[in-house]
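Structural features, examined
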Amino acid sequence: MVLPAEITCADDRRFALREANPGDMLDLIEAAGSAASSAAWMRYALMICSVSAIDGKPVMMPTTKEAVRELGRRVGNGGMDALSRVHYPDDEPDNTQSGSELDTAKN
């Protein structure tokens, strides 16, 4: 999957994005420590680590679990929503169904 060079989130912040290369992935696995065995943690961290700049200010690739957390705090909920749409577009809810179809799907 190819990420766009830049995205804008709901609060109008701009995130420049980078693709993780194999070296980045190894660094992230090392930084994650025991959390590396959690697919959910790694998926979330990979989205966070794809941010290379916020509003034009460069962001270093996190090299520790705490640095991943800190960048995640800077990205925030709105940023994570925007990142998830580009990283995992197939996970988007299908809002094309009618209300009765959605109710049926829930039951």
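Residues numbered from 1 in each chain as written. Predicted model: local features only at pLDDT ≥ 70, side-chain atom pairs only at ≥ 80, totals over all residues. Heavy atoms only, no water.

**What about the sheet that holds strand S1 (residues 6-8)?**
Note: strands within a sheet are paired through backbone hydrogen bonds, in either parallel or antiparallel orientation. Our working definition: Note on pairing: DSSP must find at least two bridges between two strands before they are called paired. The numbering of helices and of strands both runs from the N terminus, where a helix is a DSSP run of H or I of at least 4 residues and a strand a run of E of at least 2. By the convention used here, residues are in contact when the closest approach between their heavy atoms is within 4.5 Å. In this analysis, axes come from line fits to C-alpha atoms, helices being fitted only over the stretch in contact, and the angle between any two N-to-C directions falls in the range 0 to 180 degrees.
The 4 strands lie next to each other as S1-S2-S3-S4, forming an open sheet whose pairing is antiparallel. Each end of this open sheet is capped by a strand with a single partner; those strands are S1 and strand S4 (57-58). The sheet contact formed by strand S3 (residues 51-54) and S4 spans 2 bridges and is antiparallel. By the bridge assignment for S4, Ile-54 is matched with Lys-57. Contacts from helix H3 (residues 65-87) reach S1, strand S2 (14-17) and S3, with the element oriented near 115° to S3.

**Some remarks on the side chain of Ser-50**
This is how it is decided: Counted as a polar contact is a pair of N or O atoms within 3.5 Å, where, for protein atoms, one must be capable of donating a hydrogen and the other of accepting one, and residues adjacent in sequence contribute only when both atoms are in side chains.
Assignment of secondary structure puts Ser-50 in the loop between helix H2 (39-49) and S3. Within the structure, the side chain of Ser-50 is placed 2.6 Å from the backbone oxygen of Met-47, a separation counted as a polar contact. Residues contacting Ser-50, with those up to four places away along its chain left out, are Leu-3, Ala-16, Leu-17, Arg-18, Leu-83 and His-87.

**Some thoughts on the pairing of S2**
Where S1 meets S2, 3 bridges bridge the pair, whose relative direction is antiparallel. Directly across from Ile-7, in S2, lies its bridge partner Phe-15. Connecting S1 to the next strand, S2, in antiparallel fashion are 5 residues, including Asp-12 with a positive phi near 70°. Both S2 and S3 contribute to a ladder of 3 bridges, which runs antiparallel. In the sheet register, Leu-17 faces S3, and the bridge partner there is Val-51.

**Here we look at empty space enclosed by the protein**
Any empty space left between atoms is shown by rolling a water-sized probe over those atoms. Rules: Think of a 1 Å grid over just the protein atoms. A cavity is a set of points where a 1.4 Å probe fits yet cannot get out, a pocket is an open set with protein on both sides within 12 Å along at least five of seven lines, and lining residues have an atom within 4 Å of a point. Grid points are joined across faces, edges and corners, and a volume is the space filled by probe spheres set on the points. When residue character is reported, Ala, Val, Leu, Ile, Met, Phe, Trp, Tyr, Cys and Pro are called nonpolar, Asp, Glu, Lys and Arg charged, and the others, Gly included, polar.
Counting across every chain of the model gives 1 cavity of 30 Å³ or more. One number sums up the size of the largest cavity: a volume of about 40 Å³. Along its surface, the largest cavity is lined by Arg-18, Glu-19, Ala-20, Asp-24, Leu-46, Cys-49, Ser-50 and Met-61. Tallied by class, the residues present in the lining of the largest cavity amount to 4 nonpolar, 1 polar and 3 charged.

So, to be careful, I would describe these as geometric facts and stop short of saying anything about function.
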